[in-house]
Amino acid sequence: MEKDSEDQDKAYRSLVGARIRSIRKQKRLSLQEVEARSEAEFKASVLGAYERAERDISVPRLQRLANFYNVPVDQLLPSEDALNNVFPRYALAMQDKLQ
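The sections below set out a description of the structure shown in this document. (Residues numbered from 1 in each chain as written. Predicted model: local features only at pLDDT ≥ 70, side-chain atom pairs only at ≥ 80, totals over all residues. Heavy atoms only, no water.)

Moving on to the pattern of salt bridges. Following the criterion strictly, the structure yields five salt bridges and no others. Where Arg 21 meets Glu 51, a salt bridge forms, and the shortest distance between an N and an O atom there is 3.2 Å. With Arg 21 in helix H1 (residues 2–26) and Glu 51 in helix H3 (residues 44–51), this residue pair connects regions lying 30 residues apart in the sequence. Given a relative accessible area of 30%, Arg 21 falls into the partly exposed group. Residue classification places Glu 51 among the buried residues on the basis of a relative accessible area of 4%. A salt bridge links Glu 41 to Arg 64; its shortest N-O distance comes to 2.6 Å. (Salt bridge = Lys/Arg side-chain N within 4 Å of Asp/Glu carboxyl O. Helix = DSSP H or I, 4+ residues; strand = E, 2+ residues; numbered from the N terminus. Buried < 20%, exposed > 50% of the residue type's maximum accessible area, 1.4 Å probe, protein only.)

Encoded structure:
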């Protein structure tokens, strides 16, 4: 059971990391440019670790990153479709709530 939870955490981190990377690329910024423009608040190595799902990002830090990118926080979170694809139980729970 613990392994499933760890796998789910890793899968969710991967989805968040993909969103963070996607927004950064939409802004046409390299990891080094983010570090420079944020005055080293977001180190390239740490931001890269978030993007590769090697490290968790805290909610306050996610908020600051959203502010830096000038996007709502929910833009840095996985879409409902992505969650449904990765977490079938999430999709079933959402269907039950709608009925």
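What follows concerns the packing of aromatic side chains. For the structure on display, the rule yields two aromatic pairs. Plain terms: the ring middles of Phe 42 and Phe 68 are 6.0 Å apart, the flat faces sit at 55° to each other, and that makes the pair tilted. You can see Phe 42 sitting in the loop between helix H2 (31–37) and H3 and its partner Phe 68 sitting in helix H4 (residues 59–69), a full 26 residues away along the chain. Among the residues examined, Phe 42 registers a relative accessible area of 1% and is labelled buried. Among the residues examined, Phe 68 registers a relative accessible area of 25% and is labelled partly exposed. Through a chain of ring-to-ring contacts, the aromatic side chains of Phe 42, Phe 68 and Tyr 69 assemble into a single cluster. (Phe/Tyr/Trp six-rings, centres within 6.5 Å; stacked < 30°, edge-to-face > 60°.)

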